[in-house]
Amino acid sequence: MSEAGHPSLKAYYTVWILLFVLSVVSYGVDFFGVHPEPLKWSVLVMLALAKAGLIMAVFMHLKYERLSLIYTLALPPILIAFIVIFGMGEGQFVAEMRRTAFGW
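Residues numbered from 1 in each chain as written. Predicted model: local features only at pLDDT ≥ 70, side-chain atom pairs only at ≥ 80, totals over all residues. Heavy atoms only, no water.

For the rest of this paragraph, the subject is a nonpolar patch on the surface. A surface patch of nonpolar side chains, about 1000 Å² in accessible area, is lined by Val45, Met46, Leu49, Leu67, Tyr71, Leu75, Ile78, Leu79, Phe82, Ile85 and Phe86. At the level of elements, helix 2 (37-59) and helix 3 (67-102) are the ones that each hand at least two residues to the nonpolar patch. Along the chain, the position of Leu75 falls in helix 3. (Patch = residues over 30% accessible without salt bridge, like charges linked within 9 Å, V, L, I, M, F, W, Y side chains within 5 Å. Areas by Shrake-Rupley, 256 points an atom, 1.4 Å probe, with all protein chains shown as cover. Salt bridge = Lys/Arg side-chain N within 4 Å of Asp/Glu carboxyl O. Helix = DSSP H or I, 4+ residues; strand = E, 2+ residues; numbered from the N terminus.)

Now the structure itself:
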């Protein structure tokens, strides 16, 4: 780390390489057609969240901030992701019940 509290160029290069590797993995998941679909989308969302976390930590310098600020910025998107994931399960359950009850 440099004297101003910012990461060195080596840290930036490391993050760029990690972002490239995570992007290649996400393209590979789509290219090779991972099945079932919920697994595919879950893996893609987790890879996207990992990339966003890296960007926030290093490029937005959150790694060097107070923990309260990190929680303020990071927890809402994580909670929204959990709500969406649980909502998808609920939606699939309701759709299955409608198909069973009404023959749709």
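Having put the structure on the table, let's press on.
The final tally for this structure, using the stated rule, is two salt bridges. The partner of Lys40 in a salt bridge is Asp30, and the shortest N-O contact between them spans 2.9 Å. Here the residue Lys40 occupies a position in helix 2, and Asp30 occupies one in helix 1 (residues 9-31), the gap between them amounting to ten residues. You can call Lys40 buried: its relative accessible area is 10%. A salt bridge links Glu96 to Arg99, with the nearest nitrogen and oxygen atoms 2.9 Å apart. Of this pair, Glu96 and Arg99 are both found in helix 3, three residues apart, which corresponds to roughly one turn of the helix. Classification of Arg99 by relative accessible area gives partly exposed; the value is 43%. (Buried < 20%, exposed > 50% of the residue type's maximum accessible area, 1.4 Å probe, protein only.)

In this structure the tally under the stated criterion is six aromatic pairs. Centre to centre, the rings of Tyr12 and Phe59 are 5.4 Å apart; their planes meet at 5 degrees, and the pair counts as stacked. Linking Tyr12 in helix 1 with Phe59 in helix 2, this pair joins segments that are 47 residues apart in sequence. Owing to a relative accessible area of 26%, Phe59 belongs among the partly exposed residues under this scheme. (Phe/Tyr/Trp six-rings, centres within 6.5 Å; stacked < 30°, edge-to-face > 60°.)

All right, on to the packing of helix 2 against helix 3 then. Axis separation between helix 2 and helix 3 bottoms out at 12 Å; the angle between their running directions is 175 degrees. Relative to helix 3, the element helix 2 is oriented roughly antiparallel. Contacts from Pro38, Met46, Leu49 and Met56 of helix 2 reach helix 3 at Leu73, Ala74, Ala81, Ile85 and Gln92. Each residue belonging to the contact of helix 2 with helix 3 can be placed in one class, and the counts come to eight nonpolar, one polar and no charged. (Axes fitted to C-alpha atoms, helices over the stretch in contact; angles between N-to-C directions. Parallel < 35°, antiparallel > 145°, perpendicular 65-115°, else oblique. Contact = heavy atoms within 4.5 Å. Nonpolar A, V, L, I, M, F, W, Y, C, P; charged D, E, K, R; others polar.)

Between its terminal C-alpha atoms helix 2 stretches 32 Å, which fits the 33 Å expected from 23 residues at 1.5 Å a residue. When helix 2 is considered as a whole, its buried residues turn out to be Lys40, Leu44, Leu47 and Val58. For helix 2, the elements touching its buried residues are helix 1. In the segment just after helix 2, His61 is the residue with positive phi, at about 60 degrees. (Expected span 1.5 Å × (residues − 1).)

Moving on, we come to the packing of helix 1 against helix 2. Running from N to C, helix 1 and helix 2 point in directions that differ by 170 degrees, and their axes come no closer than 10 Å. One element, helix 1, and the other, helix 2, form an angle in the roughly antiparallel class. Packed against helix 1, whose contacting residues are Tyr12, Val15, Trp16, Leu18, Leu19, Leu22, Ser23, Val25, Ser26, Val29 and Asp30, the element helix 2 presents Lys40, Val43, Leu44, Leu47, Ala50, Lys51, Leu54, Ile55, Val58 and Phe59 at the interface.

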